[in-house]
Amino acid sequence: MNAVRVVHVAEMRAIEQEADARGITYALMMHRAGEGVARIVQRRYHDVTPKVVVGLVGSGNNGGDTLVALTHLARWGWQARAYLVRPRPQDDSLLRELVAAGGEVMNLGDDPARDGLHSWLIEARVLLDGIFGTGVKLPLRGEVGEFLSEVAHFHPLPHVVAVDCPSGVDCDTGEVAEGTIPAELTICMEAVKIGLLRFPAFDYVGELEVVSLGLPSDLKAYDGLNLYMAEANYCRNYLPPRPRQAHKGTFGTALIIAGSVNYTGAVWLAAKAAYRIGTGLVRVALPGSLHAALAGHLPEATWVLLPSELGVIDRDAASVVLESLERVTAILIGPGLGLEETTAEFVARLLGKSEESLKRHPLGFVVREESVNPERPSLPPCVVDADGLRHLARIPEWWHALPAQSVLTPHPGEMSVLTKLPVTEIQANRLEVAQRFAVEWGHIVVLKGALTVVAAPDGRVFIIPVASAALARAGSGDVLAGLVVGLLAQRVAPLESAVLAAWIHAQAGLLAAQTLGHEACVLAGDILEQVPEVLRRL
């Protein structure tokens, strides 16, 4: 199933231009766009009463899309009204069609005191924002800017649906004009414009849906476009099947190497998340001294008790892990490991690094293992998270030691440790940084945070269109890591495991906040408990 593309404005124009040359005319694209908007409005707001929809109509293509949508809604029984914020041609066939379908039209120039607008807004249940599209130039000045601000401050506003983008948003940079009307839903045409997935614009777009314009899939303008948005339809396609005749081995075995005396909860969160996403068996390798505290809380797990030193994994534990890989289909390394030197050496030994190959790192780290057994078992696909990432960073050219296309799940601080880039630079260029290093390292990079970015070694990048303080809690990353390894254990491909897990994790955070009533109340365990509901809705 094709993913939703994310494009720059110039890229979208090139796509439309080539489609027009191939026979999908601009007029046909406009009619498909408008009908798509109408169908989404009908689906989402069919139960509002009275069925009154007002469209704020500009002079460009967004205004045309809005008029087509209003015409369809009028034919389907809505009281459809077009408020022309910018003049349209006298012989505009789209206006004639709307009137013929029973719609009403009012011009801003004929409503100097805005009395007509106010009366329409009072009666409206849905407001279509179709004034400006991708060609807007900021800042907005004069009458239109004042008009937008007046509508934005009208109370109460009906359900606001932006057509392609909220009027006043720069669709490349994400800048927002003063007075821009916040949307409850933004319906994009064919692709999401990249500026909508940047701040501050993302605060104004609400939910995002995309209308397909039915364009040919082999357009040359698509070549080289590798930025996508994760959404339900794409994610649904990669959920592992659950055949009725399955046994636990069908769904793989995840080995989770985690925990230290100060971070016992990370083990539980990651292991339970791996189970919740459908893994057949979760095997937990942890410091032996932690077993008694955790075993009763996760009776479904099996346990590998590792040599430990003062409650942290000891350097000699690597051989125990390597002897415990039978039937393991994916490994997670990192949640709650702690940063002790002995655990750092354990990680290096697990990855097969010797003193000769490492030499002495500038940070002073050296592995004391004298040789690597050429018959040592190969590691299955790996996820590396949290303290595991910080230990990786101490190993020169660590990316060569991991299995191909392992999944790395850093937050910006951990990404800074891995890349030696300042956090400010990473946050200012999240897409570019994640893509660059995924390609350089040959691994999947999940750069966590608001609008999480998932980048693959082949240059593809996915954005998770969620930004919520509900996800900004200790342990939230452990849940995400457990979801990724659980999917990987079920033999979902690394990129799809990462995208699917990040999307499910984000949706679970939103549901947890909704269930509890406030983002501030959400704990990592609450996110975990909403995973089944996200899967049910998928």
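Residues numbered from 1 in each chain as written. Predicted model: local features only at pLDDT ≥ 70, side-chain atom pairs only at ≥ 80, totals over all residues. Heavy atoms only, no water.

## Considerations on the sheet that holds strand 11 (residues 253-257)
Across a sheet, strands are paired by hydrogen bonds formed along the backbone, either parallel or antiparallel in direction. Reading across from one edge, 8-1-10-21-20-19-18-17-16-11-12-13 is the order of the twelve strands in this open sheet, with mixed pairing throughout. What marks the edges here is a single partner per strand, and that holds for strand 8 (192-193) and strand 13 (302-306). Judged from the three bridges that link them, strand 17 (residues 382-385) and strand 18 (residues 407-409) form a sheet pairing that is parallel. The residue bridging V384 from the neighbouring strand is L408, located in strand 18. (Pairing = 2+ DSSP bridges. Helix = DSSP H or I, 4+ residues; strand = E, 2+ residues; numbered from the N terminus.)

## Examining helix 5 (residues 115-123)
All of the buried residues along helix 5 are G116, L117, W120 and L121. For helix 5, the angular spread of buried residues about the axis comes to 130°, placing them on one side. Along helix 5, exposed side chains directed more than 90 degrees from the buried face belong to D115 and I122. Residues of helix 5 that are buried make contact with strand 2 (52-57), strand 3 (79-84), strand 4 (104-107), strand 5 (126-130) and helix 6 (142-152). (Buried < 20%, exposed > 50% of the residue type's maximum accessible area, 1.4 Å probe, protein only. Arc of directions from axis to C-beta. Contact = heavy atoms within 4.5 Å.)

## Brief notes about the packing of aromatic side chains
Across all of its chains, the model carries nine aromatic pairs by this definition. Centre to centre, the rings of F199 and F202 are 5.8 Å apart; their planes meet at 75°, and the pair counts as edge-to-face. When the ring of W398 is compared with that of W399, the centres are 5.3 Å apart and the planes differ by 80°; the resulting orientation is edge-to-face. When its relative accessible area of 26% is taken as the criterion, W399 is described as partly exposed. (Phe/Tyr/Trp six-rings, centres within 6.5 Å; stacked < 30°, edge-to-face > 60°.)

## Some remarks on unusual backbone geometry
Omega for the bond connecting H155 with P156 falls within 30 degrees of zero, at 0°, which places this linkage in the cis form. Of note, P156 is situated in the loop between helix 6 and strand 6 (159-163). For A386, which is not glycine, the phi dihedral falls at a positive 55°. Inspection of the secondary structure assignment puts A386 in the loop between strand 17 and helix 14 (387-392). A residue is classified by how much of its surface remains accessible, and A386, at 13% relative accessible area, is buried. Look at K420: it is not a glycine, yet its phi comes out positive at around 70°. Its place among the elements puts K420 in the loop between helix 15 (412-419) and helix 16 (423-428). The exposure class assigned to K420 is exposed, which follows from its relative accessible area of 58%.

## Here we look at the environment of S476
Turning to its location among the elements, S476 is positioned in helix 18 (residues 476-489). Relative accessible area serves as the criterion here: at 3%, S476 is assigned to the buried category. Taking the C-alpha atoms as reference points, S476 and A506, separated by 30 residues in sequence, lie 9.9 Å from one another. Sequence-distant contacts of S476, defined by excluding residues within four places in its chain, comprise L471, H505, A524 and I527. Within the local environment of S476, its side chain forms a polar contact with the backbone oxygen of L471, the two atoms lying 3.0 Å apart. (Polar contact = N/O pair within 3.5 Å; in protein donor to acceptor, adjacent residues only side chain to side chain.)

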